[in-house]
Every structure is written in structure tokens, then in C-alpha cells.
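# Close look at the chain arrangement
Residue strings, one per chain:
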Amino acid sequence: MTTPVANSGNSFINENHIHLLDHLSQFARIIEKNWDQGEFAILLANFIIDIDNHFSHEELILRGVGYTDLEDHATKHRELGLRMDLIDSSNVSHENVDSIISDIRSMILEHELFEDQQYWPVFEGHILDKHSLIPWSPNFETGDPDVNKEHQALLVHINHFFAKLKQEKDITRACEELKLLAAFSRYHFEQEEKHLGENLRTGHAANHQKLLADLDNLIDEISEGKFNLNNPDSLSDYLTFWLLNHIKTHDVPAFARE
Ligand SMILES: [Fe+2]
Ligand SMILES: [Fe+2]
Ligand SMILES: [Fe+2]
Ligand SMILES: [Fe+2]
């Protein structure tokens, strides 16, 4: 059992991460509907405040649980904050706003996916070790270290989801974890498609879209209570298949062709 402090800390951070991504999507929607330079500057400034607040909440919780690499992590927060501050809204136009928003999304997702995962063991490392359902295997290696790193991070996320599910059968929390998995997966698929470029086959990109749609359906079904969370084995069979089968049948051959 984790301590109540660690537990609440971690779900608080989770909620924060979801909120940040929602805030960014809302921001993107407003700008897409009605481009206005002044409005963009205000929305961006508010979003930067939101990120700063998140960083300081996260650091406070990590300090509270005695995370030993906190200083390093806080430096990464400052670097990311600096990169956000360097966005000069006077240089942003209707033509380049989409790519600026997508860069912001990438910065945040990369930090959450790779750097925030580093502190997870502080909250539930011992649980993860015991219940790591799906171990990484050399069969999943694509030959590209960056892609492997992203795949491993997604696998850690799925294992983390099951570790949490074994601890508490909470539908809302389960859906939150899966929503984050969906955001990270969408980001990974976009990066992979860019990386493969001309080597990307139509079936591969279509399978990414299908995986995202399936995951959205699964989240809806869980939130409607259609899954018995007391028996997570059917979900684990599904999610194992969801990620690893795609890696084996699409990613490994695609990168072998590169
Ligand atoms: Fe974070
Ligand atoms: Fe962080
Ligand atoms: Fe893929
Ligand atoms: Fe992939």
C-alpha cells in the first residue's frame, strides 16, 4: 500500500496533467475559430501561468515525498518554462499558429512522458515492480533508439495503469490514466509518422487512427461501467494486444525497411 500522501499527490499531478492538455486544446480551438493576435498573446500568457503553477505544485509534492532528483527535475521545468517564454507572440501569425501550438504540445508531452515518468517509482515503484504485467522484450526493438524509448514509455504507462487498477477500482481514475495514455499515444504516432516519412505505409497510419478510436471507445465503455474493474485481466489482454501487436506487426517491419 502506498501512503495516502503519495497516493493523493500522484492523482493530483495526474489531474493537473489532464487539465494542462485540456487547456491547450481549448486555447487551440479558440484561436482556430477566430484568429486574433492580441487574443493569442493573452491566451498564451494564461497558459504559461498554468504551466508555471503546475510545475510549482509538482515540485511541492515531490519535495514532500522526498524525491531525491528533485533539483534536476526542477531544472527541466525551468528550461521548459524558458522555452515557453521565448515564444514571441508578435511573430505568431494565422499562418504559423498551428505549428506553434503543436510545438507547445510536443514540449509538454515530451516532458510528461519521459521526464515525469522518472519520479513515478517514488509513488508506486514497489507496486510497479511486483505487478509489471508486460515486460519489455528485444522482440519489440525497432532499431531506432528514440522510437524504442517512446514505446517503452507507453508500456510503462500501461503497466502503471494496471498497478493502479489492482489497488483501487475507481472508474474515474482508470479513465484519467487511459486519457493520458491516449494523449501520449497520439503524440507518439504523430512523431513516428513524421519520422517514417515516405516509408510510412497507408495501412500503418490507418492502424494508428484505429488504435486511437478503439482506446476512446474503451474509455467510454469503462466510464459507462461496462467493464468489471475487479477482473482487470480482460482489459490487460486487450491493452497488451493494443500496443504490442501494433509494434510487432507495423513498427518493427517499418523501421527495418528504413
Ligand atoms: Fe508534470
Ligand atoms: Fe515535471
Ligand atoms: Fe506505429
Ligand atoms: Fe510506434
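Residues numbered from 1 in each chain as written. Chains lettered and ligands numbered in written order. Predicted model: local features only at pLDDT ≥ 70, side-chain atom pairs only at ≥ 80, totals over all residues. Heavy atoms only, no water.

## Observations regarding the nonpolar core
Formed by 59 residues in total, the largest nonpolar core has its most connected members in Phe47, Met84, Ile104, Leu178, Leu215 and Leu239. Of all the secondary structure elements, the ones that give two or more residues to this core are helix H1 (4-33), helix H2 (37-64), helix H3 (70-85), helix H4 (97-115), helix H6 (145-167), helix H7 (171-196), helix H8 (202-223) and helix H9 (233-257). Among the elements that line this core, the one with the most residues is H7, at ten residues. A domain-level breakdown of this core finds at least three residues from each of domain 1 (4-120) and domain 2 (134-257). With residues up to four places along the chain from it excluded, the contact list for Leu178 reads Phe161, Leu215, Leu218, Ile219, Ile222 and Leu239. By size, the runner-up hydrophobic cluster in this structure holds eight residues, among which are Ile61, Leu62, Trp120 and Phe123. (Core = buried A, V, L, I, M, F, W, Y, C linked by side-chain atoms within 4.5 Å. Buried < 20%, exposed > 50% of the residue type's maximum accessible area, 1.4 Å probe, protein only. Helix = DSSP H or I, 4+ residues; strand = E, 2+ residues; numbered from the N terminus. Domains from an automatic or database assignment. Contact = heavy atoms within 4.5 Å.)

## Here we look at the coordination of the iron ion (ligand 4)
Under perfect tetrahedral coordination by four donors, a metal shows angles of 109.5 degrees; under perfect octahedral coordination by six donors, it shows angles of 90 or 180 degrees. For the iron ion (ligand 4), the full set of protein donor atoms is His151 (NE2), His188 (NE2), Glu192 (OE) and Asp251 (OD), and the range of their distances to it is 2.0 to 2.2 Å. Sequence spacing among the residues donating to the iron ion (ligand 4) works out to H-x36-H-x3-E-x58-D. (Donors = N, O, S within 2.8 Å, 3.2 Å for Na, K, Ca; no water.)

## Looking at the packing of H2 against H4
Across the interface, H2 lies against H4 with an axial gap of 14 Å and an inter-helix angle of 0 degrees. Classified by the angle their axes make, H2 and H4 are roughly parallel. In this structure, H2 uses Phe40, Leu44, Phe47, Ile51, Phe55 and Glu58 to contact H4, whose residues at the interface are Val97, Ile100, Ile104, Ile108 and His111. Partitioned by chemical class, the residues of the contact of H2 with H4 number nine nonpolar, one polar and one charged. (Axes fitted to C-alpha atoms, helices over the stretch in contact; angles between N-to-C directions. Parallel < 35°, antiparallel > 145°, perpendicular 65-115°, else oblique. Nonpolar A, V, L, I, M, F, W, Y, C, P; charged D, E, K, R; others polar.)

## With respect to the domain arrangement of the protein chain
Interfaces are often sized by the amount of accessible area the parts lose when they come together. Each assigned domain of the protein chain is listed with its residue range as follows: domain 1 (4-120) and domain 2 (134-257). Taken together, the contact between domain 1 and domain 2 spans 16 residues of the former and 16 residues of the latter. Approximately 1600 Å² of surface area, both sides summed, lies buried where domain 1 meets domain 2, with 65% of it carried by carbon and sulfur atoms. On the domain 1 side of the interface with domain 2, the three residues burying the most area are Leu113, Phe114 and Trp120, jointly 32% of the side's total. In this assembly, domain 1 and domain 2 are joined by zero salt bridges. On the surface where domain 1 and domain 2 come into contact, there are three residue pairs in polar contact (both at pLDDT 80 or more). Those elements that provide at least two residues to the side of domain 1 that touches domain 2 are H1 and H4. Each residue belonging to the side of domain 1 that touches domain 2 can be placed in one class, and the counts come to six nonpolar, seven polar and three charged. (Buried area = accessible area lost by both parts, 1.4 Å probe. Salt bridge = Lys/Arg side-chain N within 4 Å of Asp/Glu carboxyl O. Polar contact = N/O pair within 3.5 Å; in protein donor to acceptor, adjacent residues only side chain to side chain.)

## Comments concerning the packing of aromatic side chains
All chains considered together, the criterion is met by seven aromatic pairs. A centroid spacing of 6.0 Å and a plane angle of 50 degrees characterise the contact between Phe27 and Phe47, whose relative ring orientation is tilted. Remark: Phe47 occurs in helix H2 and Phe27 occurs in helix H1; sequence separation between them is 20 residues. Residue classification places Phe27 among the buried residues on the basis of a relative accessible area of 1%. Taking relative accessible area as the criterion, Phe47 reaches 0% and is therefore assigned buried. On the basis of an interplanar angle of 40 degrees and a centroid distance of 6.4 Å, the ring pair of Phe189 and Trp242 is categorised as tilted. Of the two residues, Phe189 sits in helix H7 while Trp242 sits in helix H9, which places them 53 residues apart along the sequence. Of the two residues, Phe189 and Trp242, neither departs from the other in class, the shared state being buried. (Phe/Tyr/Trp six-rings, centres within 6.5 Å; stacked < 30°, edge-to-face > 60°.)

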